[in-house]
Amino acid sequence: MRRGLTLIEIIIAVALISILAGMGFLAMNPVGQLAAARNSQRTFHLNGLMNGIRQNMADTSGGGFTCDSGSLPTSTPQKMATGVGNYDIAPCLVPTYLPNIPFDPSATGAHYASNSDYDTGYTIVRNASTGQVTVNAPAAELNKVISITR
């Protein structure tokens, strides 16, 4: 009698280990975990932007947001970025209230190189009747709505 494992026994053991490892990998859901982490980062960024905006408002005697770019948009949300059709907020916040402008971790084109070259990937709008400011992360993942209003 010979001792040892047959080729079929080894193949079955490897197949079972592969199936169990695959199930474990799917249970961990790395894609979902990474998307949730990016959403947490977006929430952190929006809070930082909102804090900078609120500090700017607190520093003005009238309580309004002061910026060379003009008043905050009131009709439709505008992207916080340089260029036509965007609201150029960086010079109003950096370096007085924020060290730099945060940007969406996965939005196309989102970046920060300087106050004259950036695209946050986030939007801003002010409610004309209540004065509340809302910042949004339109590229949020996992069907989440990430928005802060103060």
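Everything here concerns the structure above.
Residues numbered from 1 in each chain as written. Predicted model: local features only at pLDDT ≥ 70, side-chain atom pairs only at ≥ 80, totals over all residues. Heavy atoms only, no water.

### A look at the overall build of the protein
Scanning the protein from N- to C-terminus turns up three helices and five strands. Traced from its N-terminal end to its C-terminal end, the protein shows the element sequence α-α-β-α-β-β-β-β. Computed over its C-alpha atoms, the radius of gyration of the protein comes to 24 Å, more than 25% above the 15 Å expected for a compact globule of 150 residues. Each principal axis of the C-alpha distribution contributes one length, and for the protein these read about 95 × 30 × 25 Å. Among the 150 residues that make up the protein, the fraction classed as buried is 33%. Taking as baseline every contact in the protein between residues at least 6 positions apart, the subset at least 24 positions apart corresponds to 56%. Summed over all atoms, the accessible surface of the protein reaches about 9300 Å², with 59% contributed by carbon and sulfur. (Helix = DSSP H or I, 4+ residues; strand = E, 2+ residues; numbered from the N terminus. Rg over C-alpha atoms; globule rule 2.2 N^0.38 Å. Buried < 20%, exposed > 50% of the residue type's maximum accessible area, 1.4 Å probe, protein only. Contact = heavy atoms within 4.5 Å. Areas by Shrake-Rupley, 256 points an atom, 1.4 Å probe, with all protein chains shown as cover.)

### Some words on the state of the cysteines
Applying the stated criterion to the full structure yields one disulfide. Put simply, Cys67 and Cys92 are joined by a disulfide, and their sulfur atoms are 1.5 Å apart. Remark: Cys92 occurs in helix α3 (residues 90-93) and Cys67 occurs in the loop between α2 (30-59) and β1 (78-81); sequence separation between them is 25 residues. Given the relative accessible area of 17%, Cys67 is considered buried. The class for Cys92 is buried, based on a relative accessible area of 10%. (Disulfide = S-S within 2.5 Å.)

### What about the nonpolar core?
Core analysis: the biggest nonpolar cluster contains 27 residues, and Ile53, Phe65, Ile89, Leu93 and Ile124 have the highest contact counts within it. Counting residues per element, the ones that place at least two in this core are α2, α3, β3 (117-126), β4 (133-137) and β5 (146-149). Among the elements that make up this core, the one with the highest residue count is α2 (five residues). Apart from the residues lying within four places of it in its own chain, the contact partners of Ile89 are Ile53, Phe65, Met80, Tyr118 and Ile124. (Core = buried A, V, L, I, M, F, W, Y, C linked by side-chain atoms within 4.5 Å.)

### Thoughts on the side chain of Thr123
For Thr123, the location among the structural elements is in strand β3. The contacts of Thr123, once residues within four sequence positions are left out, are Pro77, Gln78, Lys79, Met80, Thr134, Val135, Asn136 and Pro138.

### Some thoughts on the pattern of salt bridges
Under the counting rule described, the total for this entry stands at four salt bridges. Linking Arg38 and Glu141 is a salt bridge whose minimum nitrogen-to-oxygen distance equals 2.7 Å. With Arg38 in helix α2 and Glu141 in the loop between β4 and β5, the pair connects residues that are 103 residues apart, well separated along the chain. Classification of Arg38 by relative accessible area gives partly exposed; the value is 25%. Glu141 is the partner of Arg42 in a salt bridge, and the nearest nitrogen-oxygen pair spans 3.1 Å. With Arg42 in helix α2 and Glu141 in the loop between β4 and β5, the pair connects residues that are 99 residues apart, well separated along the chain. (Salt bridge = Lys/Arg side-chain N within 4 Å of Asp/Glu carboxyl O.)

### With respect to the packing of aromatic side chains
Considering all chains together, one arrives at one aromatic pair under this definition. Taking 6.3 Å as the distance between ring centres and 50° as the angle between the ring planes, the aromatic pair formed by Tyr112 and Tyr118 counts as tilted. (Phe/Tyr/Trp six-rings, centres within 6.5 Å; stacked < 30°, edge-to-face > 60°.)

### Examining the pairing of strand β2 (residues 111-114)
Across three bridges, β2 lies against β3 in antiparallel orientation. Within β3, the residue paired with His111 across the bridge is Asp119. (Pairing = 2+ DSSP bridges.)

### Considering α2
If you check α2, its first and last C-alpha atoms are 44 Å apart, about what 30 residues at 1.5 Å a residue would give, namely 44 Å. Those residues of α2 that sit buried are Gly32, Ala35, Asn39, Arg42, His45, Leu46, Leu49, Met50, Gly52, Ile53, Asn56 and Met57. Lining the buried residues of α2 we find β1, α3, β3, β4 and β5. (Expected span 1.5 Å × (residues − 1).)

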